[in-house]
Amino acid sequence: MQKGYRGRLFDFKTSAEIHDLEKGFKYFEDGLLIVKDGFVENAGDFQTIFNKTAQSFEIENLGKSIIMPGFIDTHVHSVQTKAIASFGKELLDWLDNYIFPAERKYEDPEYATFHTKFFLKNLLKNGTTTALVYPSVHETSTSALFDTAMDLNMRLIAGNTWMDRNAPGYLLENCEASYKLSSQLIKKYHNRSRLKFAVTPRYAITSSPEALKLAASLFHEYDDLYLQTHISENRKEIEMVNHSYPNHRNYLDVYDDFGMLTERTFLGHGIYLEDDELKRISKTGTKIVHCPTSNLFLGSGLFDYQKPLHNNIQVTLGSDVGGGTSFSMLQTLQDAYKISAIKGSPMSPLLMFYLITLGAAKALGLENRIGNFDKGKEADFVVLDPDMNPLLKYRIEESVSPEDLLFAMMILGDDRIVKETYLMGKAVGSNQSTAGRNQI
Ligand code: GUN
Ligand code: ZN
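Remember, it's a predicted structure, so these values are computed and weren't measured experimentally. (Residues numbered from 1 in each chain as written. Chains lettered and ligands numbered in written order. Predicted model: local features only at pLDDT ≥ 70, side-chain atom pairs only at ≥ 80, totals over all residues. Heavy atoms only, no water.)

A.B. asks: Would you mind going over the nonpolar core in detail, with residue names and values included?
C.D. replies: Generally speaking, a soluble globular protein has its nonpolar side chains buried in company with each other. Membership of the largest hydrophobic core comes to 109 residues, with the highest contact counts inside it found for Phe10, Phe12, Met68, Tyr255 and Phe353. With seven residues, helix 2 (residues 91-104) is the largest single contributor of residues to this core. Counting residues in each nonpolar core, the second largest holds 14 residues, with Ile157, Cys291, Ala363 and Leu364 among its members. (Core = buried A, V, L, I, M, F, W, Y, C linked by side-chain atoms within 4.5 Å. Buried < 20%, exposed > 50% of the residue type's maximum accessible area, 1.4 Å probe, protein only. Helix = DSSP H or I, 4+ residues; strand = E, 2+ residues; numbered from the N terminus.)

Quick look at the structure:
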């Protein structure tokens, strides 16, 4: 089955360098994306491809809409949607008062299935096609996540969250039980369909040294798992970690000591990482996930993107819902931009869109499968229609450059401009007509 999509086409070349994105992007005002059996067959200038192709397939004309690779959210909690927008002071109070009670409910399989579907539907209708996700400690929420993603044929990386101390008893689990559950889930889901497993100790506060050691050893039993956790998001959190791990030089050293820092490790937040921690992160190829809407909402602090950039650390972006206030990666970019502006070095529109597409694919080591429109890539893409937002439509009436178009979409856009989201060439999430679509 082959189908073409005609519209404004935007993506990055696989060779794109973060310091030279001007040379690394492709934009066709009148472009064509051809998808064959779920994979990219061709992408480029409409007329050039059209003249060369025997047209025995349908071409959908998307007018002035922008066709770009699906967004990649590298830090989001599938079990916190009910608690989004809860007035919770700051991180530790907010976790205790809203998040842990919300996560508890996922113990019930029916609740877990229903609310996980709602979660994934929200990712898709916001244009997110790949996500690195924290469910709860429960088997129910983790299986619901993998099963639903598999039904949708969505790329998803996740693993049951480990917590064996400093949380309400109803969420605590000894680390042998977490290990056993993770091992079972790895066997059942890892590399099945488009799924991958991430060993997920929540963070140092809720992990005993034994738990971190065991989590790291599970991670190293395989060579293609991911590992995700939180770090240096909040000053009180850091104080608590220093207190409970007094023999470690700093927060990062706790994770380092247990062998958790690798190219496949994703550390959420990292606002207060110091120079020697950044150097170590760089040396080990560990990734940092910046979660701007969450950092502003919880008053956690202002991430300085220049520091990891100067240390050659790959940074990705996360919505961090429910600490984050939107599933939209456009809104996430908007807040990242504002924070970078306050910090004195505004991020460029090209950089921002790179971070949620090809840059994240590279960080995940998935750039040969997703992230742009090279032939043979999985056809995960999003169609953005700026006309869906009258102010945005008005703003870009006379705009010409792709950078200006991207920038305005990121500042003014959200899920309302997502005309459709495609997973391997199949329409799965739209804010417009849903008739005949594979909606949850
Ligand atoms: N640190 C540990 N758990 C969490 C969480 O659920 N959300 C955020 N934002 N930070 C955390
Ligand atoms: Zn988080």
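A.B. asks: Help me get a handle on the site of ligand 1, residues and values and all.
C.D. replies: Taken together, His77, Gln80, Leu91, Trp94, Leu95, Arg202, Tyr203, His230, Glu233, His269, Ser294 and Asp320 make up the full set of residues adjacent to ligand 1. Within the side chain of Gln80, a nitrogen or oxygen atom sits 2.9 Å from an oxygen atom of ligand 1. Asp320 has a polar side-chain atom sitting 2.8 Å from a nitrogen atom of ligand 1. Bound to the protein, ligand 1 loses 100% of the 280 Å² it would expose on its own. Mapping ligand 1 onto the cavity grids shows that it belongs to the largest cavity. For the shell around ligand 1, the class distribution of residues is four nonpolar, five polar and three charged. (Near = heavy atom within 4 Å. Polar contact = N/O pair within 3.5 Å; in protein donor to acceptor, adjacent residues only side chain to side chain. Areas by Shrake-Rupley, 256 points an atom, 1.4 Å probe, with all protein chains shown as cover. 1 Å grid on protein atoms, 1.4 Å probe; cavity = no way out; pocket = protein on both sides within 12 Å on 5 of 7 lines; lining within 4 Å. Sits in = over half its atoms within 2 Å of the grid points. Nonpolar A, V, L, I, M, F, W, Y, C, P; charged D, E, K, R; others polar.)

A.B. asks: For empty space enclosed by the protein, give the residues involved together with the corresponding values.
C.D. replies: Tallied over the entire structure, the rule returns two cavities of 30 Å³ or more. The calculated volume of the largest cavity comes to roughly 110 Å³. If you trace the largest cavity, you find it lined by His77, Gln80, Leu91, Trp94, Leu95, Arg202, Tyr203, His230, Glu233, His269, Leu298 and Asp320. For the lining of the largest cavity, a count of residues per class yields five nonpolar, four polar and three charged. Space inside the second largest cavity adds up to approximately 40 Å³. Lining the second largest cavity are Pro69, Gly70, Ile72, Thr129, Thr130, Ile370, Gly371 and Asp380. Looking at the lining of the second largest cavity, its residues break down into three nonpolar, four polar and one charged. (Points joined across faces, edges and corners; volume = space filled by probe spheres on them.)

A.B. asks: So what's going on with unusual backbone geometry? Which residues, and what values?
C.D. replies: At the junction of Val321 and Gly322, the peptide bond is cis and its omega measures out at 0° in the coordinates. By secondary structure assignment, the location of Gly322 is in the loop between strand 13 (315-317) and helix 12 (329-342). One non-glycine residue, Asn191, lies in the positive phi region at around 65°. The topology assignment puts Asn191 in the loop between helix 5 (175-189) and strand 9 (195-201).

A.B. asks: Before we move on, can you summarise the coordination of the zinc ion (ligand 2) with the specific residues and values?
C.D. replies: Taken together, His75 (NE2), His77 (NE2), His230 (NE2) and Asp320 (OD) make up the protein donors of the zinc ion (ligand 2), found 2.0 to 2.5 Å from the metal. Of note is the zinc ion (ligand 2), whose four donor atoms meet at the metal with angles of 88 to 168° in an arrangement that counts as irregular. Residue classification places His230 among the buried residues on the basis of a relative accessible area of 6%. (Donors = N, O, S within 2.8 Å, 3.2 Å for Na, K, Ca; no water. Tetrahedral: all angles 85-135°; square planar, octahedral: opposite > 155°, others 65-115°.)

A.B. asks: Describe the pattern of salt bridges, naming the residues involved and giving the relevant values.
C.D. replies: Counted under the stated rule, the structure contains 19 salt bridges. A salt bridge links Lys375 to Glu41; the nearest nitrogen and oxygen atoms lie 3.3 Å apart. Highlighted residues: Lys375 in the loop between helix 14 (358-363) and strand 14 (381-384) and Glu41 in strand 3 (residues 39-45), separated in sequence by 334 residues. As a salt-bridge pair, Arg202 and Glu103 come within 2.9 Å of each other at their nearest N and O atoms. Here Arg202, found in the loop between strand 9 and helix 6 (209-221), pairs with Glu103, found in helix 2; they are 99 residues apart in sequence, far enough to count as distant. For Glu103, a relative accessible area of 1% corresponds to the buried category. (Salt bridge = Lys/Arg side-chain N within 4 Å of Asp/Glu carboxyl O.)

A.B. asks: Talk me through the side chain of Asn234; I want residue IDs and the actual numbers.
C.D. replies: Within the secondary structure layout, Asn234 lies in the loop between strand 10 (226-231) and helix 7 (235-244). For Asn234, the side chain forms a polar contact with the main-chain nitrogen of Lys236, separated by 2.8 Å. Those residues in contact with Asn234 that lie beyond four places of it in its chain are Glu90, Leu91 and Tyr272. (Contact = heavy atoms within 4.5 Å.)

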